[in-house]
Amino acid sequence: MKIILIGYMGSGKTTIGKALSKQLNVKFLDLDDYIEAAEKSSINEIFKNKGEVYFRKKETEYLKEVLNRKENVVLSVGGGTPCFGDNIGLINEVTPNSIYIKTDLNVLCDRLMKERDERPLIADIAPEEFQEFIAKHLFERSFFYNQAHHKIGNQYKSVEDVVLQIRKLLV
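As the structure is a computational prediction, the values presented were derived from the model and not from experiment.

Thresholds, definitions, all that
- Residues numbered from 1 in each chain as written.
- Predicted model: local features only at pLDDT ≥ 70, side-chain atom pairs only at ≥ 80, totals over all residues.
- Heavy atoms only, no water.
- Salt bridge = Lys/Arg side-chain N within 4 Å of Asp/Glu carboxyl O.
- Helix = DSSP H or I, 4+ residues; strand = E, 2+ residues; numbered from the N terminus.
- Buried < 20%, exposed > 50% of the residue type's maximum accessible area, 1.4 Å probe, protein only.
- UniProt positions renumbered as here; feature names shortened; annotations may be inferred.
- Contact = heavy atoms within 4.5 Å.

Observations regarding the pattern of salt bridges
- Enumeration according to the criterion identifies seven salt bridges in this entry.
- Note that Glu52 and Arg56 form a salt bridge whose closest N and O atoms lie 3.1 Å from each other. Residue Glu52 and its partner Arg56 are both found in helix α3 (residues 43–67); the two are separated by four residues, about one turn of the helix.
- Using a relative accessible area of 30% as the deciding quantity, one classes Glu52 as partly exposed.
- Note on Arg56: relative accessible area 8%, which makes it buried.
- For the salt bridge of Lys58 with Glu61, the shortest nitrogen-to-oxygen distance reads 3.2 Å. In this pair, Lys58 and Glu61 both sit in helix α3, three residues apart, roughly one turn of the helix.
- Since its relative accessible area comes to 18%, Lys58 is described here as buried.
- Residue class for Glu61 comes out partly exposed when judged on its relative accessible area of 39%.

This is the structure we're talking about:
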């Protein structure tokens, strides 16, 4: 069984994924962490030194690698992962358990403003343009996110409530 969590950066995919994997007693994997270990470089450094095109190619390569493994896993992918190449198609082909963690714009902006320095796509966005950028970016990506088999809103819910909701959806 593979459970793939997708959604915008800051939506809580990693936190939810770790809690879910613990309850299901299966391995948790964060694709960004996997990429960093394989590339021996942080996502920020990869973006800075090799560019986004290089990163997206490697991201797809490592996604395929993880999806082809014969192990049960809860996988959290980066916010952009489903939006490039045919990554959302690959994800949906491998599992009926792709889940879009949908989060309110204001919640995302609050969370992401605190994490700007660690996120290369938003690090240089001026504070007065921040919410508009996130709203536009989220809108562009929602086409891909909405192709997930399941959608769960997580605003104003505890991690435990979201995990319980996911467990009820699993095929």
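A closer look at the UniProt feature "binding site: ATP" (unreviewed entry) in the chain
- Annotation from UniProt places "binding site: ATP" (unreviewed entry) at Gly10, Ser11, Gly12, Lys13, Thr14, Thr15 and Arg119.
- Here Gly10 lies in the loop between β1 (2–6) and α1 (13–24).
- Setting aside chain neighbours within four positions, we find Gly10 in contact with Leu108, Arg111, Leu112 and Arg119.
- In this structure, Thr15 sits in helix α1.
- A residue is classified by how much of its surface remains accessible, and Thr15, at 48% relative accessible area, is partly exposed.

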